[in-house]
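So the chains spell out like this:
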Amino acid sequence: MIKEEQYEQLENCDKGMDIKTLIGIILIAIGIIIAIWVFLNVFRIFTNPKNIEVFRQILNEKTVLKTIHFEGKNILIPDAIINFLAYLICIMLLGIAGTIAIGFISGGVNLLQSNFLKLQLLLAQYNKKSSIKMDEIKEIIKKKNT
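Residues numbered from 1 in each chain as written. Predicted model: local features only at pLDDT ≥ 70, side-chain atom pairs only at ≥ 80, totals over all residues. Heavy atoms only, no water.

Engineer: What is the right way to look at the overall build of the protein chain in this model?
Structural biologist: Within the protein chain, the secondary structure is distributed over three helices and two strands. When the helices and strands of the protein chain are placed in sequence order, the string is α-α-β-β-α. By residue count, 16% of the 146 residues in the protein chain fall in the buried class. Of the contacts formed within the protein chain by residues at least 6 apart in sequence, a portion of 77% connects residues at least 24 apart. If you sum the accessible surface of the protein chain, you get close to 11,600 Å²; carbon and sulfur atoms cover 68% of it. (Helix = DSSP H or I, 4+ residues; strand = E, 2+ residues; numbered from the N terminus. Buried < 20%, exposed > 50% of the residue type's maximum accessible area, 1.4 Å probe, protein only. Contact = heavy atoms within 4.5 Å. Areas by Shrake-Rupley, 256 points an atom, 1.4 Å probe, with all protein chains shown as cover.)

Engineer: Before we go on, may I ask you to explain the packing of aromatic side chains in this structure?
Structural biologist: Each aromatic ring pair is characterised by the separation of its centres together with the angle its planes make. The full count for this structure, using the stated rule, is one aromatic pair. Centre to centre, the rings of Phe39 and Phe43 are 6.4 Å apart; their planes meet at 20 degrees, and the pair counts as stacked. Placement of both Phe39 and Phe43 in helix H1 (residues 4–47) is noted, with a separation of four residues, approximately one turn of the helix. The exposure class assigned to Phe43 is partly exposed, which follows from its relative accessible area of 48%. (Phe/Tyr/Trp six-rings, centres within 6.5 Å; stacked < 30°, edge-to-face > 60°.)

Engineer: What am I meant to see in the pairing of strand S1 (residues 67–70) here?
Structural biologist: Two faces make up the sheet, and in a regular strand the side chains alternate between them. Alignment of S1 against strand S2 (residues 73–76), held across four bridges, turns out to be antiparallel. Residue pairing for S2: Thr67 is matched across the bridge by Leu76. Linking two consecutive strands that pair antiparallel, namely S1 and S2, is a turn of two residues; a positive phi of about 50 degrees is found at Glu71 within it. (Pairing = 2+ DSSP bridges.)

Engineer: Mind showing me how you'd approach the nonpolar core here?
Structural biologist: As a rule of thumb, soluble globular proteins bury nonpolar side chains together. Core analysis: the largest hydrophobic core is formed by five residues, namely Val38, Ile45, Cys90, Leu94 and Ala97. Every element with two or more residues in this core is listed here: H1 and helix H3 (79–145). It is H3 that provides the largest number of residues to this core, a total of three residues. (Core = buried A, V, L, I, M, F, W, Y, C linked by side-chain atoms within 4.5 Å.)

Engineer: Explain a nonpolar patch on the surface here, please?
Structural biologist: Taken together, the side chains of Ile32, Ile36, Phe39, Leu40 and Phe43 make up a nonpolar region of the molecular surface, amounting to roughly 500 Å² of accessible area. Residue classification places Leu40 among the partly exposed positions, given a relative accessible area of 37%. (Patch = residues over 30% accessible without salt bridge, like charges linked within 9 Å, V, L, I, M, F, W, Y side chains within 5 Å. Salt bridge = Lys/Arg side-chain N within 4 Å of Asp/Glu carboxyl O.)

Engineer: Any chance you could explain the environment of Pro49 here in plain terms?
Structural biologist: Inspection of the secondary structure assignment puts Pro49 in the loop between H1 and helix H2 (53–60). When the C-alpha atoms of Pro49 and Tyr87 are compared, they prove to be 9.9 Å apart, with 38 residues separating the residues in sequence.

Engineer: Just checking my understanding: could you explain the confidence of the model for the protein chain for this structure?
Structural biologist: Low pLDDT means the predicted coordinates in that region are not meant to be read closely. Of all residues in the protein chain, 77% have pLDDT values of 70 or greater, and the mean over the chain is 77. Looking across the protein chain, the model is least confident in H2, with a mean pLDDT of 64, and most confident in H3, with 83. (pLDDT = per-residue confidence, 0-100.)

This is the structure we're talking about:
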């Protein structure tokens, strides 16, 4: 049987583990939500080109970016390059959000993993104690039967 002192120690350990587990689950949930949001935005951008117009307007408002003055000549930048830059800006911003999502998920997993290792150690200790008790009970039963 578990003594009262050991039971109180287990309760205190469980409270700390519960808080870490809760925070870990929250971090994983936030990371998954951000990852889904990033995936959906990338999917929308490549399936519906009208969504890229927001990023394209950043480049279109400044006419300086459309022409380059080089040795007294004006070189006009084609719209394809401006579209490419708009996609590049969008992908870079979504990549930053994806990296943040990875950070949340890995932080949550690390918190959960540390709790599971502690729980595994506790279970191993109780398994060892219970197997010792079971062996003692088996010996007592054998002595009574003989």
